[in-house]
Amino acid sequence: MTTSTRGASKVPAVLVLEDGRTFRGRAYGAVGVTFGEAVFSTGMTGYQETLTDPSYHRQVVVMTAPHVGNTGVNDEDPESKRIWVAGYVVRDPARVPSNWRSRRSLDEELAQQGVVGISGVDTRALTRHLRERGAMRVGIFSGNALPDEGVMLAEVRQAPEMKGASLYEEVATPQAYVVPAIGEKKFTVAAVDLGIKGMTPHRMAERGIEVHVLPATATAEDIYAVGPDGVFFSNGPGDPEKADHPVSVMREVLSRKTPLFGICFGNQILGRALGFGTYKLKYGHRGINQPVQDRTTGKVEVTAHNHGFAVDAPLDRVSDTPYGRAEVSHVCLNDQVVEGLQLLDQPAFSVQYHPEAAAGPHDAAYLFDRFVSLMEGQRA
């Protein structure tokens, strides 16, 4: 990716999909060239959390909401220390941000961090195209000397695909760190960082959990060296079929019957650890308005999603695994995709969506309480 951080509002830009469809607009953020997988997000708010979610590594995010950037950018809401999206596509960017917490405009933040974007694009048409054809490789090219469309298309088709990509180590922390419990410490959790969002250990800390966030390369010995009452596997980017190390580590945790909780990529890791397959969705689930049913209670939750892969597990029966019986605990009501797994004979469960994101805003908060209950039960 090549970038310049000059003012970009009148600079021409072109978005080129790998199937040859082209959209023209204006540069937004940094000027330059970027490549990734084109995906769309249906959230009308929360763009700052989306941009800083490590699970979006190497993805070019198309915002379906027409007006983006209204509330600017603040210093409190990022989910990590940087923007992770490979590129950003919006229709009508805000000319002036308006929010009491805003410190700078979204355009300025994208430019400062070298994120190439494009505005003035018919994102409704682009989203409909991706829904029909599926997520695909894309390039954004901006500047006053744009290459020929044939040259741009050739470059897009040379970019790596998301299927088969191993990315989680690229976004994980290189060093372990601790998020202390808020108030009285009740439990210790070892959290394997595969692309963890900052709000996740915070949600656990609110419940009296001291969270030891460990690198993606952590071994079972590293996990148990912190004396955990429970183990957590985070969200993250890339193809779960390429995550053999986390799967192996999770199997060791399951063998010891330590309470276990996984979110998003962690759900896919649990699926693989139990012997299920995974597959790439046509265009994935991304946004903050996805309906998911908790099959253990029948309750429907409004949830936040960001995943392009899913677990291939049967919805209609309990499955036998090397670690006891397992069942699908949650399902997406839009397309019946597996959104959660749980073991029936030991304390382990996971969800595909993001309970820390508070989309409901409190619909999924009970999942952290469920994790606490598992650790209480094990201690008792």
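Everything numeric in this text was worked out from a predicted model, so none of it was measured.

Moving on: the overall build of the protein. Looking only at helices and strands, the protein has 10 helices and 21 strands in total. Taking 21 Å as the expected radius of gyration for a compact globule of 380 residues, we find that the protein reaches 21 Å, a close match to that expectation. By principal-axis analysis of the C-alpha atoms, the protein measures approximately 65 × 40 × 35 Å. Scored against the burial criterion, the 380 residues of the protein give a buried share of 57%.

Here we take up a positive patch on the surface. Taken together, the side chains of Arg124, Arg128, Arg131 and Lys282 present a region of like positive charge at the surface. At 3 residues, helix H3 (residues 123-133) tops the list of elements feeding residues into the positive patch. Assignment of secondary structure puts arginine 128 in helix H3. On the accessibility criterion, arginine 128 (54% relative accessible area) is exposed.

Next up on the list: the UniProt feature "active site" (unreviewed entry) in the protein. Per the UniProt entry, the sites bearing "active site" (unreviewed entry) are Cys264, His354 and Glu356 in this numbering. On the basis of their most widely separated C-alpha atoms, the annotated residues across 93 residues gather in one place, lying no more than 11.2 Å apart. Once you skip the residues sitting within four places of it in the chain, cysteine 264 turns out to touch Asn235, Asn306, His307, Val351, Gln352, Tyr353 and His354. Topologically, glutamate 356 is positioned in the loop between strand E21 (348-351) and helix H10 (366-379). Sequence-distant contacts of glutamate 356, defined by excluding residues within four places in its chain, comprise Lys197, Met199, Thr200, Arg203, Ile263 and Phe368.

A separate point is the pairing of strand E17 (residues 300-312). Across a regular strand the side chains alternate sides, sitting on one face of the sheet and then on the other. For E17, a buried count of 10 out of 13 residues is recorded, marking the element as mostly surrounded by other parts of the structure. The pairing of strand E16 (residues 277-294) with E17 spans 11 bridges and is classified as antiparallel. Paired with glycine 287 across the bridge in E17 is histidine 305. Counting the residues in the hairpin turn of E16 and E17 gives 5 residues, including glycine 298, whose phi is positive at 85 degrees.

The positions that UniProt labels "domain: Carbamoyl-phosphate synthase small subunit N-terminal" (unreviewed entry) are, in the present scheme, residues 11-141. Regarding residues 11-141, the helix share stands at 18% and the strand share at 36%, and the terminal C-alpha atoms are separated by 11 Å.

On to the packing of aromatic side chains, then. Within this structure, the stated rule accounts for 7 aromatic pairs. Between the aromatic rings of tyrosine 168 and phenylalanine 265, the centroid separation amounts to 6.0 Å while the plane-to-plane angle is 40 degrees, which identifies the pairing as tilted. Residue tyrosine 168 is located in helix H5 (residues 168-171), and its partner phenylalanine 265 is located in helix H9 (residues 265-273); the two are separated by 97 residues in the primary sequence. One exposure class covers both tyrosine 168 and phenylalanine 265, and it is buried. Here the aromatic rings of phenylalanine 261 and phenylalanine 371 are separated by 5.4 Å at their centres, their planes lie at 50 degrees, and the arrangement is tilted. Of the two residues, phenylalanine 261 is situated in strand E15 (residues 260-263) and phenylalanine 371 in helix H10; the sequence distance between them amounts to 110 residues. These aromatic residues form a ring-pair network of at least three members: Phe232, Phe261, Phe349, Phe368 and Phe371. Geometry around tryptophan 84 places arginine 82 over its ring, the cationic atom sitting 3.8 Å from the centre. Above the plane of the ring of phenylalanine 349 lies arginine 370, whose end atom (NZ or CZ) is 6.0 Å from the centre.

Moving on: the pairing of strand E10 (residues 136-142). A large share of E10 lies buried, amounting to 7 of its 7 residues. The pairing of strand E2 (residues 12-17) with E10 spans 5 bridges and is classified as antiparallel. Note that in E10 the partner of valine 16 across the bridge is glycine 139. Two elements, strand E4 (residues 31-41) and E10, share 6 bridges in a ladder whose sense is antiparallel.

Here serine 373 is to be found in helix H10. The spacing of serine 373 and glycine 150 is 223 residues in sequence and 58 Å in space, taken between C-alpha atoms.

This part takes up the nonpolar core. Residues Leu194, Ile223, Phe233, Met250, Leu254, Leu274 and Leu341 are the most contacted members of the largest nonpolar core, which totals 33 residues. Taken together, the elements giving at least two residues each to this core come down to strand E12 (187-192), strand E14 (230-233), helix H8 (244-256), H9, strand E19 (324-332) and strand E20 (338-343). Residue contributions to this core peak at 5 residues, all from H8. In this structure leucine 274 touches Leu254, Thr321, Pro322, Tyr323, Ala326 and Leu343, once residues within four positions along its chain are discounted. Of all hydrophobic cores here, the second largest spans 25 residues; its members include Ile196, Phe232, Val351 and Leu367.

Cut-offs and rules
- Residues numbered from 1 in each chain as written.
- Predicted model: local features only at pLDDT ≥ 70, side-chain atom pairs only at ≥ 80, totals over all residues.
- Heavy atoms only, no water.
- Helix = DSSP H or I, 4+ residues; strand = E, 2+ residues; numbered from the N terminus.
- Rg over C-alpha atoms; globule rule 2.2 N^0.38 Å.
- Buried < 20%, exposed > 50% of the residue type's maximum accessible area, 1.4 Å probe, protein only.
- Patch = residues over 30% accessible without salt bridge, like charges linked within 9 Å, V, L, I, M, F, W, Y side chains within 5 Å.
- Areas by Shrake-Rupley, 256 points an atom, 1.4 Å probe, with all protein chains shown as cover.
- Salt bridge = Lys/Arg side-chain N within 4 Å of Asp/Glu carboxyl O.
- Lys, Arg positive; Asp, Glu negative; His and termini not counted.
- Charge placed at Lys NZ, Arg CZ, Asp CG, Glu CD.
- UniProt positions renumbered as here; feature names shortened; annotations may be inferred.
- Contact = heavy atoms within 4.5 Å.
- Pairing = 2+ DSSP bridges.
- Phe/Tyr/Trp six-rings, centres within 6.5 Å; stacked < 30°, edge-to-face > 60°.
- Lys NZ or Arg CZ within 6 Å of the ring centre and 35° of its normal.
- Core = buried A, V, L, I, M, F, W, Y, C linked by side-chain atoms within 4.5 Å.

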